[in-house]
Amino acid sequence: MSLNLFIAVACVVAAILLTVATVRFFFSARQPQTQAAFTDQPADAHASAGDTLRTRRSDNHKSIELLTRQLVVSAILTLLVLLPTLVRALYPNAVPNWLVDPWALPQPMREPYFEVTGVIVTLVLFARWAVDMWLPRRPASPLQERVDRVSRVWVPITILIALWTFVCWLIFGAQPSFTRALLMGISVLIIACPAALGWAAPLSVGAALDDAQRYGMTVRTASALQQAKDTSAVLVARELAPRAEQAIAQLSGTGVAVAKVDARRADEAVRALAERRANGATVMFIGDGSEDVRVRDAADIAVACVALDNPEAAPIHADVIAAPTDYACALKLIRLSKATMRNIRENLWWAFIFNLVGIPLAAGVLYPFAGWVLNPMLACVAMILSSICVVLNAVRLRHCKLDGAW
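Since this is a predicted model, take the numbers as computed values, not measurements. (Residues numbered from 1 in each chain as written. Predicted model: local features only at pLDDT ≥ 70, side-chain atom pairs only at ≥ 80, totals over all residues. Heavy atoms only, no water.)

Side note on the confidence of the model for the protein
1) Next: Scored by pLDDT, the protein has a mean of 77; 77% of the residues are at 70 or more.
2) Next: Looking across the protein, the model is least confident in helix 3 (residues 97–100), with a mean pLDDT of 61, and most confident in strand 4 (residues 282–287), with 90.
3) Next: Predicted confidence for residues 30–41 stays below pLDDT 50, and this span has 23 contacts to residues more than four positions away or in other chains.
4) Next: Here residues 46–59 is a poorly scored stretch, pLDDT under 50, and it has 42 contacts once near neighbours within four places are set aside; other chains count. (pLDDT = per-residue confidence, 0-100. Helix = DSSP H or I, 4+ residues; strand = E, 2+ residues; numbered from the N terminus. Contact = heavy atoms within 4.5 Å.)

Section: the sheet that holds strand 1 (residues 217–219)
1) Next: Strand order in the open sheet formed by 6 strands is 1-6-5-4-2-3, and the pairing between neighbours is mixed. Of all the strands in the sheet, the pair left with one neighbour each is strand 1 and strand 3 (257–261). For this sheet, the mean inter-axis angle between neighbouring strands, taken without regard to orientation, is 20°.
2) Next: Bridge analysis of strand 5 (residues 301–305) against strand 6 (residues 320–322) gives 3 bridges, and the strand direction is parallel. Looking across to strand 6, one finds that A304 is bridged to I321.
3) Next: Most of the contacts of helix 9 (residues 245–253) go to strand 3, to which it runs at about 145°, and overall it touches strand 2 (231–237) and strand 3.
4) Next: This element, helix 12 (residues 329–363), spans strand 1, strand 2, strand 4, strand 5 and strand 6 of the sheet and lies at about 140° to strand 4. (Pairing = 2+ DSSP bridges. Axes fitted to C-alpha atoms, helices over the stretch in contact; angles between N-to-C directions.)

Quick word on the environment of P156
1) Next: Looking at where P156 falls in the secondary structure, it is placed in helix 5 (residues 143–172).
2) Next: Expressed as a C-alpha distance, the spacing of P156 and F26, which sit 130 residues apart in the sequence, is 7.0 Å.
3) Next: Contact partners of P156, with chain neighbours within four places excluded, come to T22, F26, F27 and S151.

Thoughts on the packing of aromatic side chains
1) Next: Tallying each qualifying case throughout the model produces 3 aromatic pairs.
2) Next: Measuring from centroid to centroid gives 6.5 Å for W154 and F352, while their planes differ by 90°, and the two rings are edge-to-face. Of this pair, W154 sits in helix 5 while F352 is found in helix 12, placing the two residues 198 residues apart along the sequence.
3) Next: Between the aromatic rings of W350 and F354, the centroid separation amounts to 6.2 Å while the plane-to-plane angle is 35°, which identifies the pairing as tilted. Separated by 4 residues within a single helix, W350 and F354 lie in helix 12, roughly one turn from each other.
4) Next: With relative accessibility at 14%, the residue F354 sits in the buried group. (Phe/Tyr/Trp six-rings, centres within 6.5 Å; stacked < 30°, edge-to-face > 60°. Buried < 20%, exposed > 50% of the residue type's maximum accessible area, 1.4 Å probe, protein only.)

Some words on helix 10 (residues 266–278)
1) Next: The end-to-end C-alpha separation of helix 10 is 18 Å, in line with the 18 Å expected for 13 residues at 1.5 Å each.
2) Next: Just past helix 10, the residue G280 takes up positive phi, approximately 90°. (Expected span 1.5 Å × (residues − 1).)

Notes on the packing of helix 6 (residues 177–191) against helix 14 (residues 376–395)
1) Next: Two elements in contact, helix 6 and helix 14, have axes whose closest approach is 8 Å; the angle formed by their N-to-C orientations is 5°. Here helix 6 lies roughly parallel to helix 14, going by the angle between them. The residues of helix 14 that touch helix 6, namely those facing L183, S187, I190 and I191, are P376, A379, C380, A382 and M383.
2) Next: Each residue belonging to the contact of helix 6 with helix 14 can be placed in one class, and the counts come to 8 nonpolar, 1 polar and no charged. (Parallel < 35°, antiparallel > 145°, perpendicular 65-115°, else oblique. Nonpolar A, V, L, I, M, F, W, Y, C, P; charged D, E, K, R; others polar.)

Set out below in structure tokens:
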């Protein structure tokens, strides 16, 4: 033991108190009501340095510019610290000692080098910048609210793991114990960064929306993208039916119940939709946009087959806008929804497996057996690679074939 008994006991008591306080704060039975997963900020909203992915979900140009400036400044400052060390490693006599010697620190604290902090901050900012550049004005998925609930549990648990990692290394670690304990605790926090978990749903939804555009559909609400996979009944406006018989036959072949309604009789159409939903069916309505808005509002998913030349003229109360002649849009939407939800589940599983493996490694579980610990910079790189895997998996949705065999 590198510390005396009094300090060791004090550290354990402090850790216990912090653990109890964290559990009471995050897992109290009386949690305040939370807002929706994401709320769009106005286009002219002020961008502050404390903005997170949640408030930046519908990112505007100002917040992108702010994050770009932060990334540039961080990269410049990191290079100023990192270059002397790199040059010294290649050409030992080219850099004076005072540029690479952490003379301002006491001897036990000279192991952690400043470039660790710079590289970590720069990599994290780069990851946020890369994703935020791709996410502006994307509708948020209702599934993200479930992910947020998981994150609200996962984040405090990670903090507690990092806290006890610090305490264990402080008490039992080799000298300089405080330095090593601090680095190990930081490594746990870095590798467990919930970026991959937070991006699992929005990235997949964003790729699916791009895929829908390629097939002539404009998905206005991500809830439609999430619910379409469960569609069990499709009601088609009778005005479309003579031209949509082939698409109706295809839907019937998938086990989806298909019926025609006279959308011009709004009350009758609304009752038909309500009866289906009352029986537990997820109902999709397909019309030409001329029907009463109450008809579209009565369905779980409302599709309007109208001309896309003037998006502003498209019905406001429609979840999906499709081309007037695209009578197979329902089948495409169902296929896209299934692929999207499967992609999100893959992203979530990857994020959980990565954390389950990475956190113990960052905490130093291999040190007693192999003498190996994870450098905080490597933990940051691993975190970035995990996020990249989520991004690449989401991009796969762009290659889905919605009008062929599934």
